[in-house]
Amino acid sequence: MSQAFKQTPPTTRDLTPKTNVADPVLWENYEYLPIFAKMRAEDPVHYCAESPYGAYWSVTRYEDIMAVDTNHHVYSSDAHLGGIIIDDAIQNDPDNDFKAVNFIAMDQPRHDEQRKSVNGITDPKNLEHFGKLIRQRTSDLLDSLPVGEEFDWVPTVSIELTTQMLATMFDFPFEDRHKLVRWSDVSTAEPGSGVVESQQQRIEELMEMAAYFADLQQSRKDKPDNIDLLTMMTHHPAMANMPPEEFLGNLSLLIVGGNDTTRNSMTGGVFGFNLFPDEFDKMVADPKLIDNAVAEIIRWQTPLAHMRRTALEDAVLGGKQIRKGDKVVMWYVSGNRDTAIFDDPDRIIIDRKNARRHLSFGFGIHRCMGNRIGELQLRILWEEILKRFSRIEAMGDPTLTKSNFVKGYTSLPVKLHRL
Ligand code: HEM
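Criteria and thresholds
Residues numbered from 1 in each chain as written. Predicted model: local features only at pLDDT ≥ 70, side-chain atom pairs only at ≥ 80, totals over all residues. Heavy atoms only, no water. UniProt positions renumbered as here; feature names shortened; annotations may be inferred. Axes fitted to C-alpha atoms, helices over the stretch in contact; angles between N-to-C directions. Helix = DSSP H or I, 4+ residues; strand = E, 2+ residues; numbered from the N terminus. Parallel < 35°, antiparallel > 145°, perpendicular 65-115°, else oblique. Left-handed = near helix turned anticlockwise from the far one by under 90°. Contact = heavy atoms within 4.5 Å. Core = buried A, V, L, I, M, F, W, Y, C linked by side-chain atoms within 4.5 Å. Buried < 20%, exposed > 50% of the residue type's maximum accessible area, 1.4 Å probe, protein only. Nonpolar A, V, L, I, M, F, W, Y, C, P; charged D, E, K, R; others polar. Pairing = 2+ DSSP bridges. Arc of directions from axis to C-beta. Near = heavy atom within 4 Å. Polar contact = N/O pair within 3.5 Å; in protein donor to acceptor, adjacent residues only side chain to side chain. Salt bridge = Lys/Arg side-chain N within 4 Å of Asp/Glu carboxyl O. 1 Å grid on protein atoms, 1.4 Å probe; cavity = no way out; pocket = protein on both sides within 12 Å on 5 of 7 lines; lining within 4 Å. Points joined across faces, edges and corners; volume = space filled by probe spheres on them. Phe/Tyr/Trp six-rings, centres within 6.5 Å; stacked < 30°, edge-to-face > 60°.

The protein chain appears in an unreviewed UniProt entry as Cytochrome P450 from Pyruvatibacter mobilis. The UniProt entry for the protein chain carries this comment under Cofactor (unreviewed entry): "heme".

What follows covers the packing of helix H13 (residues 260-275) against helix H17 (residues 371-388). Where H13 contacts H17, the two axes come as close as 10 Å, and the packing angle between them is 40°. When the interaxial angle is binned, H13 and H17 end up oblique. At the point where H13 passes H17, the crossing takes the right-handed sense. Here Thr-262, Ser-265, Met-266, Gly-269, Val-270 and Phe-273 of H13 come into contact with H17, specifically with Gly-374, Gln-377, Leu-378, Leu-381 and Trp-382.

Among the nonpolar cores identified, the biggest contains 58 residues, and Tyr-32, Trp-153, Met-283, Trp-331 and Trp-382 are the most heavily contacted of them. Of the residues forming this core, the biggest block, six residues, is contributed by helix H15 (residues 290-301). For Trp-331, the contacting residues outside a window of four places in its chain are Val-21, Ala-22, Trp-27, Phe-36, Tyr-56, Ser-58, Val-59, Thr-60, Ile-65, Ala-305, His-306 and Asn-404. With 39 residues, the next largest nonpolar core counts Ala-167, Met-169, Trp-183 and Met-242 among its residues.

This part takes up the side chain of Thr-302. When you line up the elements, Thr-302 lands in the loop between H15 and strand E5 (306-311). Using a relative accessible area of 0% as the deciding quantity, one classes Thr-302 as buried. Discounting residues that sit within four places of it in the chain, Thr-302 has contacts with Ile-297, Tyr-332, Val-333, Asn-336, Ser-360 and Lys-407.

This next bit is on the packing of helix H9 (residues 199-218) against helix H12 (residues 244-257). Put simply, H9 and H12 touch, their axes get as near as 11 Å, and they point 95° apart. Between H9 and H12, the angle is such that the two are roughly perpendicular. Along the contact surface, H9 presents Leu-206, Met-209, Ala-210, Phe-213 and Gln-217, while H12 presents Phe-247, Leu-248, Leu-251, Ser-252 and Ile-255. Grouping the constituent residues of the contact of H9 with H12 by class yields eight nonpolar, two polar and no charged.

The next point concerns the sheet that holds E5. Here five strands make up an open sheet; going across it, the order is E1-E2-E8-E5-E3 and the pairing mixed. For this open sheet the edge positions go to strand E1 (45-48) and strand E3 (75-76), each flanked by a neighbour on one side alone. Note that strand E2 (residues 56-59) and strand E8 (residues 327-331) share three bridges and pair parallel. Note on E8: the bridge partner recorded for Val-59 is Met-330. In the packing of helix H3 (residues 62-69) onto the sheet, contacts are made with E1, E2, E3, E5 and E8, and the angle to E8 comes to roughly 125°.

Spatially, the three strands line up as an open sheet ordered E4-E12-E9, and their pairing is antiparallel. Either end of the sheet is taken by a strand with one partner, and the two such strands are strand E4 (150-152) and strand E9 (389-394). For this sheet, the mean inter-axis angle between neighbouring strands, taken without regard to orientation, is 35°. In the sheet, E9 pairs with strand E12 (residues 413-418) via five bridges, with the strands oriented antiparallel. Directly across from Arg-391, in E12, lies its bridge partner His-417. Relative to the sheet, helix H7 (residues 153-170) contacts E4, E9 and E12, its axis offset from that of E4 by approximately 50°. Along the sheet, H17 makes contact with E9 and E12, crossing E9 at roughly 110°.

Moving on to helix H5 (residues 110-119). Buried within H5 we find His-111, Gln-114, Arg-115, Ser-117 and Val-118. Around the axis of H5, the buried residues are gathered within 150° of arc, so they sit on the same side.

Okay, the site of the ligand next. Contacts to the ligand come from 28 residues, most closely from His-111, Arg-115, Arg-309, His-366 and Cys-368. Interatomic distance of 2.7 Å between a side-chain N/O atom of His-366 and an oxygen atom of the ligand. Put simply, the parts of the chain that give the shell around the ligand at least two residues each are H5, H12, H13 and E5.

Under the counting rule described, the total for this entry stands at 28 salt bridges. Among the ionic contacts, a cluster of salt bridges with common partners joins Arg-135, Asp-143, Asp-291, Arg-379, Glu-383, Glu-384, Lys-387 and Arg-388.

Here we come to the pairing of E2. On any regular strand, side chains alternate: one points to one face of the sheet, the next to the other face. Here E2 shows a buried face lined by Tyr-56 and Ser-58 and a second buried face lined by Trp-57 and Val-59. Inspection of the sheet shows E1 paired to E2 by four bridges, in the antiparallel sense. Bridging across to E2, Cys-48 finds its partner in Tyr-56.

Let us now look at empty space enclosed by the protein. Applying the stated criterion to the full structure yields three cavities of 30 Å³ or more. The volume enclosed by the largest cavity comes to roughly 130 Å³. Grouping the constituent residues of the lining of the largest cavity by class yields eight nonpolar, four polar and two charged. Of the volumes computed, that of the second largest cavity is approximately 60 Å³. Lining the second largest cavity are Leu-133, Ile-134, Arg-137, Thr-138, Leu-161, Gln-164, Met-165, Thr-168, Met-266 and Gln-377. Per-class residue counts for the lining of the second largest cavity are five nonpolar, four polar and one charged.

Next up on the list: the packing of aromatic side chains. Under the defined criterion, the tally for this structure stands at 21 aromatic pairs. With centroids separated by 5.5 Å and ring planes inclined at 25°, the aromatic side chains of Trp-27 and Trp-331 adopt a geometry described as stacked. Placement of the pair is Trp-27 in helix H1 (residues 24-28) and Trp-331 in strand E8, with a sequence separation of 304 residues. Taken individually, Trp-27 and Trp-331 each receive the classification buried, so the pair is uniform in this respect.

Here is the structure:
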């Protein structure tokens, strides 16, 4: 196992106004954590004057990130100002007729009205209902896995289980569930990225998604009491009468929101327990620790590395002068390794007292709406793993996603050992 995954090594790079920690190559090669460590120590609110994303501020310490995330009056998420990720190329592309219009990229009051319409998905009775389905589907999948043979955990378990969960939340035809993953990828893909070749192709696929969901919606019109997300969206006044592109944007948000994040937490946990096997043993000895272990895995993994905001007015942050219109990037991945808050943060420590203080779900009005659902899936996954396997052995290092936003894995070879 590569040592860099266990402990952030020091960097010899100097910080300059050209230091662009968002360069996706640094993410693919796992070279960004040393740069964040240096920023936290030497220049915690760092200004990058020049990058393919334009100029931007990197906010790297826990408390400064919290100050931005909880101050939506100054730091906006509005799509028209660039939205919530550092790379706003899709938002700004004049050929893109399908801009992501959804509540994660809105400010008050529209954000609050739209969020309310789907918030019910996490009511305790719904979580109980989903929990049963998720447990059944998780058990079936784990029972179908090969034992003692190498296979890739990412497509076989993480992607498959997350896809099944998305289908469950939307009460989506199970046999078509892989369409959801494709639409999730397409809705955030840049032309030429390998996912879609052109803006035209992207738009065609999103039209297909719109048509599919419009059909599906017909079947929910006379069933207002169903508890799936599509029914809630169909019957809530804030969503029912919105323009079709906005309805589609919100559907995409709910699909994307729960897709890569949970998937990469599933892989992150397996990989992390291979780096710190004593922690796995601790969990086996005391399964009551699973809840806290899930929070700790989500801290350590930080499935979304950042959220971006745009300053609505001049402000001072960490002693730096931010100007109206500046792009401000909250690096959750760095805040989650801030030693001012987390002792020995590179390690997974499943009984860490303050694991739940992690930044991975954000804070403030945009705090993750699906956090309980994500945690539920991960808890059930580990509970069911412990019933079946004594160990999930990583057979090599994972390959990493080339992205400064989705912090994740494209593959992880593993071998299962039976109890
Ligand atoms: C928002 C992370 C699972 C739906 C967010 C935000 C983050 C995040 C960082 C933005 C917070 C901010 O700006 O302050 C995660 C992680 C997950 C996860 C790490 C799993 C481990 C899910 C699931 C769903 C979901 C399963 C689906 C139901 C959403 C939605 C928003 C959101 C709808 C927008 C909330 C708003 O703007 O008010 N999530 N998420 N997430 N997430 Fe999640």
